[in-house]
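Each chain, letter by letter, is given below.
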Amino acid sequence: MDERLKKYVDEVIAPKLQGDGGFIDLTGTDGNVLHVRLQGECSKCAIVLRCMSWIEEEIKRDLGIDVTVFAERKKPFFWDTI
């Protein structure tokens, strides 16, 4: 995994999402695809695709890397299947 991307997600993107009660974790990369796990408010967000596009734009602008972000939602164990 590219440590520069991991650091960027942890230090730039994550704090912005935490302000709204969400959490993001970069779990891996596959070429130019980033795999992230969303938790908290992000796990039930209705605009998750817009947010992933925003993350892609931020990475391109700040790091100059074209990526696609694939999100996995991690829901709390006590939620019914939704």
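Scoring rules and cut-offs
Residues numbered from 1 in each chain as written. Predicted model: local features only at pLDDT ≥ 70, side-chain atom pairs only at ≥ 80, totals over all residues. Heavy atoms only, no water. Helix = DSSP H or I, 4+ residues; strand = E, 2+ residues; numbered from the N terminus. Buried < 20%, exposed > 50% of the residue type's maximum accessible area, 1.4 Å probe, protein only. Contact = heavy atoms within 4.5 Å. Pairing = 2+ DSSP bridges. Axes fitted to C-alpha atoms, helices over the stretch in contact; angles between N-to-C directions.

Some thoughts on the overall build of the protein chain
Then comes step 1: What the protein chain contains, in helices and strands, is two helices and three strands.
Then comes step 2: Reading the protein chain from its N end, one meets helices and strands in the order α-β-β-α-β.
Then comes step 3: Counting every position in the protein chain, which comprises 82 residues, the buried fraction comes to 30%.
Then comes step 4: Here the analysis covers contacts within the protein chain between residues at least 6 apart in sequence; of these, 54% occur between residues at least 24 apart.

Description of the pairing of strand 1 (residues 22-30)
Then comes step 1: Of the strand pairs in this sheet, strand 1 and strand 2 (residues 33-40) are connected by eight bridges, and their pairing is antiparallel. Within strand 2, the position partnered with Gly22 by the bridge is Gly40.
Then comes step 2: If you look at the hairpin formed by strand 1 and strand 2, you'll find two residues sitting between the two strands, and Gly31 has a positive phi there, around 65°.

A word on the sheet that holds strand 3 (residues 68-73)
Then comes step 1: The strand order across the open sheet formed by three strands is 1-2-3, and the pairing between neighbours is mixed. Taken across any chain shown, the strands that pair with only one partner, and hence form the sheet edges, are strand 1 and strand 3. Ignoring strand direction, the axes of neighbouring strands in this sheet form an average angle of 30°.
Then comes step 2: The sheet strands contacting helix 1 (residues 3-18) are strand 1 and strand 2, and the helix crosses strand 1 at an angle near 155°.
Then comes step 3: Lying on the sheet, helix 2 (residues 48-63) is in contact with strand 1, strand 2 and strand 3; it crosses strand 3 at an angle near 140°.

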